[in-house]
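Residues per chain, in single letters:
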Amino acid sequence: MKSACLLGWLVCLCWPVHVMAAVSVTVSGDVERPGMQTLGGNVRLADVAAAAQVRPDAYMLGASWTQRSRVMEQRRLQAGLLYELGAVADQAHRGGDASFSALSASLRDWLQAMPVTGRRVARTLDPGAMAASSADNLPVDDGDTLSYPRRPSTVRVVGAVNAPCELPHVALQDARRYVEACPTRFADRDSLFVIQPDGQVFELGIALWNASPPMALAPGAIVYVPLDKRRTAGAADAVFNREMADFIATQPMGGVPP
């Protein structure tokens, strides 16, 4: 018996010991315990949400998750878009189209004012749903952030418009109705982009030849009205407007400047 115990003790000494580093995630918004949550082990989203005690009335659809590992990619995307908007403005100026040049320059300033966040789109950040689904309960990294806002009551229309609009949210109203209420200029005739508050981006066809079915927006959604691609041709590539929508989607709800 003594020999067996000694053998077991030696085995324990030789067994590799993996020390799991603590992970710190900052949680903000409608939670009972805002601030940094430091947890050990294999930390996942639901663990952080439970530690912060997300309130039941938090707006789950508008919750956001950011990661440092996403920042570089998004910084490159923003830099490319800024370059293209500058080129579009210069091209319009050289062509004598002062109004379109001014709009492009204004959009460039607006885009530059947006921070690079590292937002990662998740299927859900609802604590209950994450706890019930291992596919949604993803691991977190040190330095991540989670934010749980309150439910807003408006929808915004931005992009090729006279001025950005903030409009009351109307249940089941199609995205096109919001754009009709916000005067546009130099807008693309064929499409719109909808950015739902969870960061998902959808392109809607609005011409007769490509009309999409009606799409209702959630409170806090953004409609990006793309620039007329015939005017941007030669200075911006074919996916410019899609990438504009993708970058706007990296902003946590309420983070897009007016």
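Residues numbered from 1 in each chain as written. Predicted model: local features only at pLDDT ≥ 70, side-chain atom pairs only at ≥ 80, totals over all residues. Heavy atoms only, no water.

Looking now at the environment of Gln53. Among the structural elements, Gln53 can be located in the loop between α2 (45-52) and β3 (64-66). Relative accessible area serves as the criterion here: at 39%, Gln53 is assigned to the partly exposed category. Setting aside residues up to four positions removed in sequence, Gln53 forms contacts with Val31, Glu32 and Arg33. (Helix = DSSP H or I, 4+ residues; strand = E, 2+ residues; numbered from the N terminus. Buried < 20%, exposed > 50% of the residue type's maximum accessible area, 1.4 Å probe, protein only. Contact = heavy atoms within 4.5 Å.)

With that settled, consider the nonpolar core. Core analysis: the largest hydrophobic core is formed by 45 residues, its most contacted members being Val157, Tyr224 and Ile248. Sequence-distant contacts of Ile248, that is, excluding residues within four places in its chain, are made with Trp110, Met114, Val158, Ile195, Ile222, Tyr224 and Val256. Counting 20 residues, the second-largest nonpolar core is a separate cluster that includes Val23, Val27, Val54 and Trp65. (Core = buried A, V, L, I, M, F, W, Y, C linked by side-chain atoms within 4.5 Å.)

What follows concerns the sheet that holds strand β8 (residues 191-195). Taken together, the five strands give an open sheet; going across it, the order is β7-β6-β10-β8-β9, and neighbouring strands pair in mixed fashion. Edge strands, defined here as strands with exactly one partner in the open sheet, are β7 (165-168) and β9 (201-205). Each neighbouring strand pair of the sheet contributes to a mean axis angle of 25 degrees, computed without reference to strand direction. Where strand β6 (residues 154-159) and β7 come together, four bridges link them in antiparallel fashion. Residue Val155 lies in a different strand from β7, and its bridge partner there is Leu167. Packing against the sheet, helix α8 (residues 240-248) makes contact with β6, β8, β9 and β10 (222-225), and its axis sits at approximately 155 degrees to β10. (Pairing = 2+ DSSP bridges. Axes fitted to C-alpha atoms, helices over the stretch in contact; angles between N-to-C directions.)

Before going further, it helps to examine the confidence of the model for the protein chain. Chain-level statistics for the protein chain give a pLDDT mean of 93 and a share of 92% at 70 or above. Counted against residues more than four places away or in other chains, residues 9-18, with its pLDDT under 50, gives zero contacts. (pLDDT = per-residue confidence, 0-100.)

Moving on to the sheet that holds β3. Pairing between the strands of a sheet comes from backbone hydrogen bonds, and it takes one of two forms, parallel or antiparallel. Pairing is mixed across the open sheet formed by five strands, whose spatial order is β2-β1-β5-β3-β4. Every other strand in the sheet has two partners, leaving β2 (35-39) and β4 (119-120) as the edge strands with one partner each. Both β3 and strand β5 (residues 145-148) contribute to a ladder of three bridges, which runs antiparallel. In the strand pairing of β5, Ser64 is matched with Ser147. Strand contacts of α2: β1 (23-29), β2, β3 and β5, with the helix running at about 125 degrees to β2, the strand carrying the most contacts.

All right, on to the pairing of β8 then. Remark: a regular strand shows side chains that alternate across the two faces of the sheet. Most of β8 sits out of view: five of its five residues are buried. Burial of β8 is two-sided: the residues Ser191, Phe193 and Ile195 facing one way and the residues Leu192 and Val194 facing the other way are all buried. The pairing of β8 with β9 spans five bridges and is antiparallel. Directly across from Leu192, in β9, lies its bridge partner Leu204. Between β8 and β9, which pair antiparallel and follow one another directly, the connecting turn spans five residues, one of which, Gly199, has a positive phi of 95 degrees. Where β8 meets β10, three bridges bridge the pair, whose relative direction is antiparallel. Note on β10: the bridge partner recorded for Val194 is Val223.

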